[in-house]
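The chain contents come next:
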Amino acid sequence: MSTLALRQDGLVPAPPTHIAIIMDGNRRWARAQHKPPIYGHQQGAEAVRRAVEACSKAGVRYLTLFAFSSENWRRPPDEVSGLMNLLRFYLRKEVEELHKNGVRVRSIGEVDELDPDIRNLLQRGEEQTRHNVRMTVTFALNYGARQEIVRAAQALALDACRGEIEPAAINEASFASRLFTRELPDPDLLIRTSGEQRISNFLLWQLAYTEFVFVQVPWPEFQEEHLFEAIDEFTRRERRYGASAG
């Protein structure tokens, strides 16, 4: 049953405000098709479009996609080059459509280390869509959660050395304000595809009270119904944020 269906009490379950997705399985799926890895990534880009459309239909306000991790640089150079070219293609082709549909585009991660033309495309897309309010899609690019946490700690330490903050005054809120995600709510739901059950250095701080749903299908095969099933699972869970059951 779709999460958009009525419950027995006649109410439509509220969708998660923020969904984060680890888009896993592109390379394994490509190998199963006897294709090179870039073919899996290309089909994965089509799955991104489907996921954005499905989230918009379900009423999700924020979608964060783990697009390229800081560890992905270790992959073969031709695969990394293909991924960067695919990112260029996606940003040139899709941002205008996202803009027409009221979607805001953002990025998090060490994007300054990406090629200048990619940085320009990201900046242009973020500027073009900055006033859109229907949904925010955030791409995690050259992102690693441990690095993000270290960077936030360094920023707070520097502020303390300058006398701008007292060390005793540092709290969760001040720390979170130094993270890449400071303008985003924490994810309510994390989805990881391809059957893997780990978070792979993704949003370690932000996932403290997030519900996890692991789906078996590889990312290139991810469809609207898989998203709705994950949301349906989310709506059936009781979120207690560390409190005891009732």
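These remarks concern the structure in this document. (Residues numbered from 1 in each chain as written. Predicted model: local features only at pLDDT ≥ 70, side-chain atom pairs only at ≥ 80, totals over all residues. Heavy atoms only, no water.)

Considerations on the nonpolar core
So, point 1. Residues I19, I191 and L227 are the most contacted members of the largest nonpolar core, which totals 47 residues.
So, point 2. Among all residues touching L227, those that are not within four sequence positions of it are I19, A54, C55, I191 and F222.
So, point 3. Ranked by size, the runner-up nonpolar core spans 12 residues in total, among them I108, A140, Y143 and F180. (Core = buried A, V, L, I, M, F, W, Y, C linked by side-chain atoms within 4.5 Å. Buried < 20%, exposed > 50% of the residue type's maximum accessible area, 1.4 Å probe, protein only. Contact = heavy atoms within 4.5 Å.)

As for helix 4 (residues 116–129)
So, point 1. Here helix 4 is 14 residues long and its end C-alpha atoms lie 20 Å apart, about the 20 Å a rise of 1.5 Å per residue gives.
So, point 2. Buried residues along helix 4 sit against helix 3 (77–100), strand 3 (103–108) and strand 4 (135–143). (Helix = DSSP H or I, 4+ residues; strand = E, 2+ residues; numbered from the N terminus. Expected span 1.5 Å × (residues − 1).)

Quick notes on the packing of helix 2 (residues 37–58) against helix 3
So, point 1. Interaxial distance between helix 2 and helix 3 falls to 10 Å at its minimum, and their mutual angle equals 25°. As the angle between them shows, helix 2 and helix 3 are arranged roughly parallel. Note on packing geometry: the crossing formed by helix 2 with helix 3 is right-handed. Of helix 3, the residues touching helix 2 (which contributes P37, I38, H41, Q42, A45, V48, R49 and V52) are E79, G82, L83, L86, Y90, K93, E94 and L98.
So, point 2. Counted by class, the contact of helix 2 with helix 3 contains 9 nonpolar, 3 polar and 4 charged residues. (Axes fitted to C-alpha atoms, helices over the stretch in contact; angles between N-to-C directions. Parallel < 35°, antiparallel > 145°, perpendicular 65-115°, else oblique. Left-handed = near helix turned anticlockwise from the far one by under 90°. Nonpolar A, V, L, I, M, F, W, Y, C, P; charged D, E, K, R; others polar.)

Let's talk about the layout of surface pockets
So, point 1. Reported here for the largest pocket is a volume of approximately 790 Å³.
So, point 2. Lining of the largest pocket is provided by 33 residues; of these, M23, N26, F66, A67 and N72 occupy positions nearest its centre.
So, point 3. Elements with a contribution of two residues or more to the lining of the largest pocket: helix 1 (26–32), helix 2, strand 2 (62–69), helix 3 and strand 4.
So, point 4. With 6 residues, helix 3 is the single largest residue contributor to the lining of the largest pocket.
So, point 5. Split by residue class, the lining of the largest pocket holds 17 nonpolar, 7 polar and 9 charged.
So, point 6. Of the volumes computed, that of the second largest pocket is approximately 560 Å³.
So, point 7. Surrounding the second largest pocket, 23 residues form its lining, R106, S107, V111, E126 and R182 being those nearest its centre.
So, point 8. Contributions of two or more residues to the lining of the second largest pocket are made by strand 3, helix 4 and helix 5 (145–161).
So, point 9. Of all the elements, helix 4 adds the most residues to the lining of the second largest pocket, at 6 residues.
So, point 10. The residue inventory of the lining of the second largest pocket, partitioned by class, reads 7 nonpolar, 4 polar and 12 charged. (1 Å grid on protein atoms, 1.4 Å probe; cavity = no way out; pocket = protein on both sides within 12 Å on 5 of 7 lines; lining within 4 Å. Points joined across faces, edges and corners; volume = space filled by probe spheres on them.)

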